[in-house]
Amino acid sequence: MGNPSGSGAVTRLLIVEDDAATAQGLREGLGARGFEISHADSVEAAEALVAAGGWDALIVDRMLPGQDGLFFVRGLRERGYTVPVLILTALDTVDDRILGLRAGGDDYLVKPFALGELVARIEALLRRPTMGLRPMLRAGSVELDLIGRVARRAERDLELLPREFQLLEYFVRREGQVVTPAMLLRDVWNYNFELRSNLVDVQLGRLRRKLDRPGERHLITNVRGVGFVFRADS
Amino acid sequence: MFAAWASSFVRIPKGVWRSAARFGAGVALLLAIGVGAVFGVTYWLASRALFRSIDGAVVEQLELLSERPPEMLPFMITSRLHHRPAVLTQVSLFSADGSLIVGDLSYIPRGVRFDSKPRILAMPTADGGVLRLDVAARTVVGGRHLVVARDVERLVVFRETLMRILVAALAASAGLGMVAGTLYALRGQARLRRLGAAAERIMLGALDERLEVQRRPDATDELCIMVNRILDRLERLVGAWKNAGENIAHELRTPLTALRVQLERLREGGRLEERDRLTVVRSLRAIDGIRTLTSRLLRIAEIEHHGRARDFAEVDVAALLHEIGSDFTPLAEKAGITLGVQAGGPVVIRADRELLAEAVINLTENAIKYAGRGRHVVLRAQRSGGRIVLAVADDGPGIAPADREQVFHRFYRGRATQGTPGSGLGLALVASIATHHGFELRLADNAPGCRVELICPIREAI
């Protein structure tokens, strides 16, 4: 997982976090998933490590001793530093979210988080979804007509509801990448709040039933405790 | 400016007009009584002063003449006639049958009484006019009638003019009293209504709102100043309390993060026995529960404390309900519930779309959770009078009347919900979203079941 680009190089992450226990846990947890981790417990240390270069992504806590992590991130962006930054925060109001993204953060994760969620977000940052302006999107036997809003698998019309189409498009654009329920709520439903019900699971269940006929390979599978992943059949 | 002033009166409700007019009528009555009393006394004093000397002169003349020997009377009357025009008094002697013996008056005026008392009488003149006379008369020796009179036409006319002025002044002061009283009452009522509106906004949570105080404070203003001071204190206390709540939630999260990360490492380490692994999993779940709880508390605090009014826009609630209905249909079906939407055409209100969606989703999730298998849940949007009512209704077991008041409070969970997981913050969140929008949140009996209504006043398009 720490090698999502498939180029053979190890992904190098810089964690800027002053809480030693959290930093230690992250170092171990992410290390076990194949990432190469460095840790800075202050802005000064982080600046020095960033200057050394070679990072694939930064994970920055907002509450750093003496300084808001956002200032650090804004400073980086002002100097033209483009490496993706994931902001960790104990604050999760709308204002905080807007501030975080405005300062140059690419994503935003509220404490306390699950390691799986963190990893999924990092990978999402590292592997930008396939965007482009093509009217057709293909992944194995799945074919999406983005203009006609028609989805087909192996020439069979899937007859998806608008929301199901949006969901499938989101997965196809992130083929092979773990997607969490929180990401789906935020990106597909535009809901920046938590639901009490398992709306995402039930909607996905319905999409899967339309997607997979008996005997066909399951295209969207569960990643236990984290989320889901779409893998195209070749 | 005049148009604005005039239109401000048009917008005044009927009842306000009526009570203001009543006040105006009262003022008019009081003013009329006052003016009437002053003028009445003046009138009475003036007319007495004017007529008393004339009355005296007439009666004196009558007495003077009647004391003369009867046979002298005709001579005295004729002789004084020669002194004209210096003599103002008219005197006549009539025989017992009323025919003129001698004098200026050719006949006895109608209404004369022979009691020596002066009275004003009208006497038709030869040219068809009327002459007003102050007349006194008595019977003298031989049954003859002696009549003394003086022309008081100009005095009477003056007195009548005085009377007309009095009536006009009364009418004018009453009219003025009516108008001024009504306006004053309207102003007072407008002030009361403004105070009432401010109080209502404060009640809805605008703790930074203050009651208006006039430049020169009266008794009402003293009271308003007092209330404002109470509000100052209340605002500080609530602010401090909210900040404390938010800080606690924030400060909790850093150690929780460390704890969660460590527990995950423990679970992934692979050195745990199955029983210990389950304990760790349960602990992780508990931490996520705390996280959800703090998220919701923070969110309520955010909605209540920090205005998000800048995110208000036109929202088609009918479309929103259809979208939510369609999203939650599979979930409802899984719970054995039929979810329906009754909302036709665009129904547009000004709202924060995401917050409104959150409120409706919360209510929908609640309904699906508690209605029970085989029941129906309906999302409805309809215009009703000048309002739009959003309702989430079910035909499930409903909420016991005793619980209804409390379900919107934080952490309250009805007796019937015991044993079902939940934070008890859902409806409190909906309530804070409603308050934030100025919507009324109402819990109604759906007979059977429960109906939660968000009542949105339609704001005039600007």
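So, here is what we can say about the structure in this document. Bear in mind the structure is a predicted one, so any value in this text is a computation, not a measurement.

Procedures and definitions
Residues numbered from 1 in each chain as written. Chains lettered and ligands numbered in written order. Predicted model: local features only at pLDDT ≥ 70, side-chain atom pairs only at ≥ 80, totals over all residues. Heavy atoms only, no water. Helix = DSSP H or I, 4+ residues; strand = E, 2+ residues; numbered from the N terminus. Buried < 20%, exposed > 50% of the residue type's maximum accessible area, 1.4 Å probe, protein only. Contact = heavy atoms within 4.5 Å. Areas by Shrake-Rupley, 256 points an atom, 1.4 Å probe, with all protein chains shown as cover. Pairing = 2+ DSSP bridges. Axes fitted to C-alpha atoms, helices over the stretch in contact; angles between N-to-C directions. Buried area = accessible area lost by both parts, 1.4 Å probe. Salt bridge = Lys/Arg side-chain N within 4 Å of Asp/Glu carboxyl O. Polar contact = N/O pair within 3.5 Å; in protein donor to acceptor, adjacent residues only side chain to side chain. Core = buried A, V, L, I, M, F, W, Y, C linked by side-chain atoms within 4.5 Å. Disulfide = S-S within 2.5 Å. Parallel < 35°, antiparallel > 145°, perpendicular 65-115°, else oblique. Left-handed = near helix turned anticlockwise from the far one by under 90°. Nonpolar A, V, L, I, M, F, W, Y, C, P; charged D, E, K, R; others polar. Lys, Arg positive; Asp, Glu negative; His and termini not counted.

Focus: the overall build of chain B
The secondary structure content of chain B amounts to 10 helices and 12 strands. Put simply, chain B has 462 residues, and 37% of those count as buried. Within chain B, contacts between residues at least 6 apart in sequence are counted, and of these 62% link residues at least 24 apart. When the accessible area of chain B is evaluated, it comes to approximately 25800 Å², of which 60% is carbon and sulfur surface.

Quick look at the sheet that holds strand β7 (residues 107-110) of chain A
Residues and elements named next belong to chain A. If you trace the five strands from one edge of the open sheet to the other, you get β2-β1-β3-β6-β7, paired in parallel fashion. Lying at the two open borders of the sheet, with one neighbouring strand each, are β2 (36-40) and β7. Each strand of the sheet is rotated relative to its neighbour by a mean of 20°, with strand direction disregarded. For strand β1 (residues 12-16) and strand β3 (residues 57-61), the ladder comprises four bridges, and the chain directions are parallel. Note on β3: the bridge partner recorded for V16 is V60. Helix α5 (residues 115-126) rests against β1, β3, β6 (85-89) and β7 of the sheet, and its axis sits at about 175° to β7.

As for the interface of chain B and chain A
Buried accessible area, meaning the area lost when the parts come together, often serves as the stated size of an interface. Each side of the interface is counted separately: chain B has 40 residues, and chain A has 38 residues. The junction of chain B with chain A conceals about 3700 Å² of combined surface from both sides, 51% of it contributed by carbon and sulfur atoms. Contact with chain A buries area across many residues of chain B, yet R265, R291 and D327 of chain B alone supply 15% of it, more than any other trio. In this assembly, chain B and chain A are joined by seven salt bridges. For D327 of chain B, the salt bridge identified is with R163 of chain A, shortest N-O distance 2.8 Å. Where chain B touches chain A, the interface holds 21 residue pairs in polar contact (both at pLDDT 80 or more). Those elements that place two or more of their residues in the side of chain B that touches chain A are α5 (219-268), α6 (274-305), α7 (317-334) and α8 (353-371) of chain B. If one sorts the elements of the side of chain B that touches chain A by residue count, α5 of chain B sits on top with 12 residues.

Quick word on the nonpolar core
Of all hydrophobic cores here, the largest spans 84 residues; its most connected members are L168 and L184 of chain A together with L356 of chain B. At 10 residues, the largest contribution of residues to this core is made by α8 of chain B. Other than its neighbours up to four places away in sequence, L356 of chain B contacts V315, V317, L320, I349, A351, L390, F439 and L454 of chain B. Counting residues in each nonpolar core, the second largest holds 19 residues, with L14, L76, Y81 and I87 of chain A among its members.

Concerning the state of the cysteines
Taken as a whole and judged by the stated rule, the model has zero disulfides over all chains. Here C450 of chain B stays unpaired: no disulfide links it, and the sulfur of C456 of chain B, its closest cysteine neighbor, is 17 Å away.

Some words on the packing of helix α2 (residues 14-66) of chain B against helix α4 (residues 153-203) of chain B
Residues and elements named next belong to chain B. For the pair α2 and α4, the least separation of the axes is 6 Å and the interaxial angle reads 160°. Taken together, the axis directions place α2 and α4 in an arrangement best described as roughly antiparallel. Remark: the crossing between α2 and α4 carries right-handed chirality. A breakdown of the residues in the contact of α2 with α4 according to their chemical character gives 31 nonpolar, 10 polar and one charged.

A word on the environment of A185 of chain B
Residues and elements named next belong to chain B. Assignment of secondary structure puts A185 in helix α4. For the pair A185 and R22, spaced 163 residues apart in sequence, the C-alpha separation works out to 9.2 Å. Those residues in contact with A185, other than ones at most four positions away along the chain, are A20 and F23.

Digging into the pattern of salt bridges
According to the stated counting rule, one finds 47 salt bridges over all chains in the structure shown. Residue R201 of chain B pairs with E209 of chain B through a salt bridge whose shortest N-O separation is 2.9 Å. A single network of salt bridges, built from pairs that share partners, joins D107, E117, R121, R186 and D187 of chain A.

Considering the side chain of D145 of chain A
All names here are of chain A. Looking at where D145 falls in the secondary structure, it is placed in strand β9 (residues 142-145). Of the side chains with opposite charge, R152 comes closest to the buried, unpaired D145, at an N-O distance of 5.0 Å. There is a polar contact of 2.9 Å between the side chain of D145 and the backbone nitrogen of G148.

Some remarks on the sheet that holds strand β7 (residues 338-342) of chain B
Residue and element names in this part refer to chain B. Spatial ordering of the open sheet is given by β7-β9-β10-β12-β11, a layout of five strands whose pairing is mixed. In this open sheet, the two strands that pair with only one neighbour each are β7 and β11 (440-445). Averaged over neighbouring strand pairs, the angle between their axes works out to 15° when direction is ignored. Taken together, the seven bridges between strand β10 (residues 387-394) and strand β12 (residues 450-457) define a ladder with antiparallel strand orientation. Bridging from a neighbouring strand, V389 pairs with I455 of β12. Here α7 sits on the sheet in contact with β7, β9 (376-384) and β10, set at roughly 170° to β7.

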